[in-house]
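Tertiary structure, described
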Amino acid sequence: FCGLGAGGGEGAVDWQMNDHHRSTSYAILYELAHAKPSETAFIDIGLNIGWYSVQAGLLGFERIGVDMQPACIKYARCNQELNQIGLGFTALNLALSPVPDAPPVRIDAHSCTGGGSMSYGWGGAKVHVNVSSKHLGVVLNEWIAATPA
């Protein structure tokens, strides 16, 4: 079962859209609306729950979602399935790095927040995992190589 909470209450994530986020959202959606899905893949860096990837999927784009937080990967996959657009979506649980040989990043396994250091509503001790780091160029080359021609 996949479910995403929004709005108040324990364990829910509250989303607040200030002017900066709203203008960024509009710009991304504008670009999606004017791009050709057959010629473009959508890359969602900082995937979180996959909202932008859902919008791109509904418009027919292949999507790559990257997030260092394992819980965000889980939520984003559920979000794709709930919107019946799971095909054409690749979720990658890794941290992006400006250098090719970066060490792994230690992150809370149950967190899905900006920056990944806080936990909402779970309480108790955090469970940390090591997440691989890769350069974006390496990630894209691997995705292209794995994509059927």
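Use the structure listed above.
The notes below deal with the structure included here. Since the model is a prediction, treat every value here as computed from it, not as a measurement.

1. Examining the packing of aromatic side chains
This structure, assessed with the given rule, holds one aromatic pair. Arranged with centres 5.1 Å apart and planes meeting at 85°, the rings of Trp51 and Tyr52 form a pair that is edge-to-face. The class of Trp51 is partly exposed, set by a relative accessible area of 41%.

2. Some thoughts on the pairing of strand β1 (residues 41-45)
Burial along β1 is one-sided: the face carrying Phe42 and Asp44 is buried and the face carrying Ala41, Ile43 and Ile45 is not. As judged from the five bridges shared by β1 and strand β2 (residues 62-67), these two strands associate in the parallel manner. Its bridge partner being in β2, Asp44 is matched across the sheet by Gly65.

3. A closer look at the sheet that holds β2
Ordered in space as β1-β2-β3, the three strands form an open sheet in which the pairing is parallel. One side of each edge strand has no neighbouring strand; the edge strands of this open sheet are β1 and β3 (89-93). Across the sheet, the mean angle separating the axes of adjacent strands is 15° when strand polarity is ignored. Summarising the sheet, β2 and β3 pair through five bridges and their orientation is parallel. The residue bridging Val66 from the neighbouring strand is Leu92, located in β3. Lying on the sheet, helix α3 (residues 70-82) is in contact with β2 and β3; it crosses β3 at an angle near 170°.

Here is what the cut-offs are and how they apply
Residues numbered from 1 in each chain as written. Predicted model: local features only at pLDDT ≥ 70, side-chain atom pairs only at ≥ 80, totals over all residues. Heavy atoms only, no water. Phe/Tyr/Trp six-rings, centres within 6.5 Å; stacked < 30°, edge-to-face > 60°. Buried < 20%, exposed > 50% of the residue type's maximum accessible area, 1.4 Å probe, protein only. Helix = DSSP H or I, 4+ residues; strand = E, 2+ residues; numbered from the N terminus. Pairing = 2+ DSSP bridges. Axes fitted to C-alpha atoms, helices over the stretch in contact; angles between N-to-C directions. Contact = heavy atoms within 4.5 Å.

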